[in-house]
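The lines below spell out each chain.
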Amino acid sequence: MNDHKTIMKTKLIPTQNTLRVPTRRAMIDLLNQQLADVLDLGLQAKQAHWNVKGPHFIGLHELFDKVAEQLEEFTDDIAERAVELGGTALGTVQVVSKNSRLNAYPLDLTSGKSHVVALSGALAAFGASVREAIDTAAKHGDADTADLFTEISRGVDKLLWFVEAHLQAKE
Ligand SMILES: [Fe+2]
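A brief structural summary. All values derive from a computational prediction rather than experimental measurement.

Calculation rules
Residues numbered from 1 in each chain as written. Predicted model: local features only at pLDDT ≥ 70, side-chain atom pairs only at ≥ 80, totals over all residues. Heavy atoms only, no water. Helix = DSSP H or I, 4+ residues; strand = E, 2+ residues; numbered from the N terminus. Rg over C-alpha atoms; globule rule 2.2 N^0.38 Å. Buried < 20%, exposed > 50% of the residue type's maximum accessible area, 1.4 Å probe, protein only. Contact = heavy atoms within 4.5 Å. Salt bridge = Lys/Arg side-chain N within 4 Å of Asp/Glu carboxyl O. Axes fitted to C-alpha atoms, helices over the stretch in contact; angles between N-to-C directions. Parallel < 35°, antiparallel > 145°, perpendicular 65-115°, else oblique. Left-handed = near helix turned anticlockwise from the far one by under 90°. Nonpolar A, V, L, I, M, F, W, Y, C, P; charged D, E, K, R; others polar.

**Some thoughts on the overall build of the protein chain**
Consideration 1: Looking only at helices and strands, the protein chain features five helices and zero strands.
Consideration 2: The order of α-helices and β-strands along the protein chain, N terminus first, is α-α-α-α-α.
Consideration 3: A compact globule built from 171 residues should have a C-alpha radius of gyration of about 16 Å, and the protein chain, at 17 Å, falls within 12% of that.
Consideration 4: Along the longest, intermediate and shortest principal axes, the C-alpha atoms of the protein chain span 55 × 30 × 25 Å.
Consideration 5: Looking at the protein chain residue by residue over its 171 residues, the buried ones come to 44%.
Consideration 6: Long-range contacts, defined here as pairs at least 24 residues apart, represent 81% of the contacts in the protein chain between residues at least 6 apart.

**Let's talk about the environment of Ile-134**
Consideration 1: Turning to its location among the elements, Ile-134 is positioned in helix α4 (residues 112–139).
Consideration 2: Taking the relative accessible area as the measure of exposure, Ile-134 reaches 17% and is therefore buried.
Consideration 3: Placed 14 residues apart in sequence, Ile-134 and Leu-148 show a C-alpha to C-alpha distance of 8.2 Å.
Consideration 4: Apart from the residues within four sequence positions on either side, Ile-134 is in contact with Ala-146, Phe-149, Thr-150 and Ser-153.

**Quick word on the pattern of salt bridges**
As a working rule, side chains carrying opposite charge can pair if their charged atoms are close by.
Consideration 1: A complete count under the given rule lists five salt bridges for this structure.
Consideration 2: Across the salt bridge formed by Arg-81 and Glu-84, the nearest N and O atoms sit 3.6 Å from each other. Taken together, the positions of Arg-81 and Glu-84, both in helix α2 (residues 57–84) and three residues apart, correspond to about one turn of that helix.
Consideration 3: Judged by its relative accessible area of 11%, Arg-81 is buried.
Consideration 4: With a relative accessible area of 46%, Glu-84 lands in the partly exposed category.
Consideration 5: One salt bridge in this structure joins Asp-157 and Arg-131, with 3.1 Å as the shortest N-O distance. Of this pair, Asp-157 sits in helix α5 (residues 143–164) while Arg-131 sits in helix α4, and the two are 26 residues apart along the sequence.
Consideration 6: Residue classification places Asp-157 among the partly exposed positions, given a relative accessible area of 33%.
Consideration 7: One continuous salt-bridge network, built from bridges that share partners, spans Arg-81, Glu-84 and Asp-142.

**Here's the deal with the packing of α4 against α5**
Consideration 1: Contact geometry of α4 with α5 gives a least axis separation of 9 Å together with a crossing angle of 160°. Classed by the angle they form, the pair α4 and α5 counts as roughly antiparallel. Seen along the crossing, α4 lies across α5 with a hand that is left-handed.
Consideration 2: Class assignment of the residues belonging to the contact of α4 with α5 gives a composition of 17 nonpolar, five polar and three charged.

Here you go:
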């Protein structure tokens, strides 16, 4: 993962939400960082879905699409919470390309194994950042954002299992 952070500061939109302004600001930045990462990850899963080849083609093709679908749900929850707190969701490809901390997905992969290795690595890296996000949200006293990231973290662990299981036993 790269560690550059260039989250744009946007104006807070007034809301009757009772979380304190500094907490909301910190959470909006946190949510937007995770939003950039999860959007990148979702496209990585699609990249794998479109390009995988080999004897396990159909199983992997379908699994990678399921991964992308699940990540899309997480994406929506993250983006909408940033807006609920009075923020702006930063989800354009330009922002994502600048802010995602994931390694770029390789464009030259074909075999099922190479896609499984690449995608499981990306899921694990994202999973680690979500675990950090749980702690950050808890430290700021936002139990709801911490809970959202806890749910996502559990989901990402499951997706990682589904993908990584292909590497965990000989045929
Ligand atoms: Fe498809």
